[in-house]
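# Residue-level structural notes
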Amino acid sequence: MLLGVNIDHVATLRNARGGIEPDPIIAAEICENNGATSITTHLREDRRHIKDNDVRTLIKTLKTNLNLEMAVTDEMQKIALEIRPNSVCLVPEKREEVTTEGGLDVAGQLNKITEFVKPLKDAGILVSLFIDPSEEQVIASSKTGAQFIEMHTGTYANAFGTEKETEAFEALKNSAKLAQSLGLKVNAGHGLNYENVHRMHEIEGLYELNIGHSIISKAVFEGLGIAVQKMSDLIK
């Protein structure tokens, strides 16, 4: 498995003071030098953490790949087509949420998402859909033209260590198997940390894990390079 590191919360800390420190661009470089194979950022409508200039700088400076998380909006599609990240991950977005809550309802807006995906693919951008691990959403995703899904692992992360863990994990495992049978590559992320990430090895064929909050949290105490190295070692 590969490791994509989400650097949004470095920008969150910077924005708390309205200054320039800590610089998410430098954070991305440290992540790359310590095992990250891609850098993920979520350019939100309200720009609460990552800013447009951050994304434009990253596309010029990264040695690895930029994965741009974004809502299904005309504004975000225009930005993606302009900067041409290696990949985009389409996510649901609500102003009032602290972080992304649940997966994209692909089945409920199949035509819209299919039309949204096409120009991105035509531009050579890999497209992933962030979905809950359900048969309905996986099947719908396979009809959109997207090459990847990213399974929302939040339910599993919340259930880890409880009697609900097995059910939540089996949903991930079954969804990954179904997606792969339909020709989709499978990523996973949300809520994964140093304690629960080991079970991802039990899901055959997972391509990449996207992890941010737990890595940045550990970095506060141990340094960003060490935090990325430790996570990279766990998923190899």
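Treat the numbers as computed from the prediction; the structure is a model and nothing was measured. For every chain, the first residue of the written sequence is number 1, and numbering continues from 1 along that sequence. For a predicted model such as this one, the threshold for reporting local features is a pLDDT of at least 70, and the threshold for listing and counting side-chain atom pairs is 80 or more; totals across whole chains, interfaces and linings nevertheless cover every residue. The side-chain figures draw on all heavy atoms in the structure; neither hydrogens nor water molecules are used.

### Side note on the pairing of strand E5 (residues 126-131)
Accessibility here uses a 1.4 Å probe with only protein chains present; expressed as a share of the type maximum, an area under 20% marks a residue as buried, one over 50% as exposed, and anything in between as partly exposed. What counts as a helix is a DSSP run of H or I of at least four residues, what counts as a strand is a run of E of at least two, and both are numbered from the N terminus. Where burial is concerned, most of E5 is hidden: 5 out of the 6 residues are buried. Looking at chain direction, strand E4 (residues 87-90) and E5 are connected through 4 bridges and run parallel. Across the sheet, residue Val 88 finds its bridge partner in E5, namely Val 127. Across 4 bridges, the pairing between E5 and strand E6 (residues 148-152) is parallel. Along E6, the bridge assignment pairs Phe 130 with Glu 150. At this point the chain moves from E5, through helix H6 (residues 135-142), to the parallel E6, and the crossover so formed is right-handed. Pairs of strands are assigned from DSSP output, requiring at least two bridges between the strands. By convention, orient the strands away from the viewer: a clockwise path from the first strand over the helix to the second makes the crossover right-handed.

### Some points on helix H10 (residues 224-235)
What a helix should span is 1.5 Å times the count of its residues minus one. With 12 residues, H10 should reach 16 Å at 1.5 Å per residue; the first-to-last C-alpha distance of 17 Å fits that figure. Along H10, the positions that sit buried rather than exposed are Leu 224, Gly 225, Ala 227, Val 228, Met 231, Ser 232 and Ile 235. With its buried residues spanning 165 degrees around the axis, H10 presents them on a single face. Its buried side turned inward, H10 meets strand E1 (2-6), helix H2 (24-33), strand E8 (208-211) and helix H9 (213-222). Starting at the helix axis, one direction is taken to each C-beta atom, and the arc is that of these directions. In this description, contact between two residues means that some pair of their heavy atoms is separated by no more than 4.5 Å.

### Digging into the pattern of salt bridges
The term salt bridge refers to a side-chain nitrogen of Lys or Arg lying within 4 Å of a carboxyl oxygen of Asp or Glu. This structure, assessed with the given rule, holds 10 salt bridges. Bridged by salt links that share partners, the residues Arg 47, Asp 52 and Glu 75 form one connected network.

### Regarding the side chain of Asn 6
When you line up the elements, Asn 6 lands in strand E1. Given the relative accessible area of 14%, Asn 6 is considered buried. Those residues within four positions of Asn 6 in sequence are excluded, and the remaining contacts are Thr 40, Glu 69, Ile 211, Gly 212 and Ile 216.

### What to know about the nonpolar core
Among the buried residues, those of types Ala, Val, Leu, Ile, Met, Phe, Trp, Tyr and Cys that are joined through side-chain atoms within 4.5 Å form a nonpolar core. Leu 90, Leu 129, Met 200 and Ile 215 are the most contacted members of the largest nonpolar core, which totals 67 residues. Once residues within four sequence positions are removed from consideration, Leu 129 is found in contact with Leu 90, Leu 104, Val 106, Ile 113, Val 117, Ser 141, Thr 144, Ala 146, Phe 148, Ile 149 and Glu 150.

### Looking at the packing of H2 against H10
Interaxial distance between H2 and H10 falls to 8 Å at its minimum, and their mutual angle equals 40 degrees. Between H2 and H10, the crossing angle belongs to the class labelled oblique. The element H2 and its partner H10 pack so that their crossing is right-handed. Listed contacts from H10 to Ala 27, Ile 30 and Cys 31 of H2 are Leu 224, Gly 225 and Val 228. Within the contact of H2 with H10, the residues separate by chemical class into 5 nonpolar, 1 polar and no charged. Every angle, taken between N-to-C directions, lies between 0 and 180 degrees, and every axis is a line fitted to C-alpha atoms, over only the stretch in contact when it is a helix. Every angle not falling under 35 degrees, over 145, or within 65 to 115 is termed oblique; those three ranges are roughly parallel, roughly antiparallel and roughly perpendicular. Put simply, a crossing is left-handed when the front helix is turned counterclockwise from the back one by less than a right angle, and right-handed when it is turned clockwise. Amino acids outside the nonpolar list (Ala, Val, Leu, Ile, Met, Phe, Trp, Tyr, Cys, Pro) and the charged list (Asp, Glu, Lys, Arg) are all regarded as polar, and Gly is one of them.

### Thoughts on the environment of Gly 189
Relative to the helices and strands, Gly 189 resides in strand E7 (residues 185-189). Spatially, the C-alpha atom of Gly 189 lies 8.6 Å from that of Glu 208, the residues being 19 residues apart in sequence. If sequence neighbours within four positions are ignored, Gly 189 has contacts with Phe 130, Glu 150, Met 151, His 152, Thr 153 and Asn 210.

### A short note on the packing of helix H3 (residues 52-61) against helix H4 (residues 74-83)
Direction vectors running N to C along H3 and H4 enclose 25 degrees, while the axes themselves pass 11 Å from each other. In this view, H3 runs roughly parallel relative to H4, as classed from their interaxial angle. The two elements H3 and H4 cross, and the hand of that crossing is right-handed. Facing Asp 52, Val 55, Arg 56 and Ile 59 of H3, the residues of H4 in contact are Ile 79, Glu 82 and Ile 83. Looking at side-chain class alone, the contact of H3 with H4 contains 4 nonpolar, no polar and 3 charged residues.

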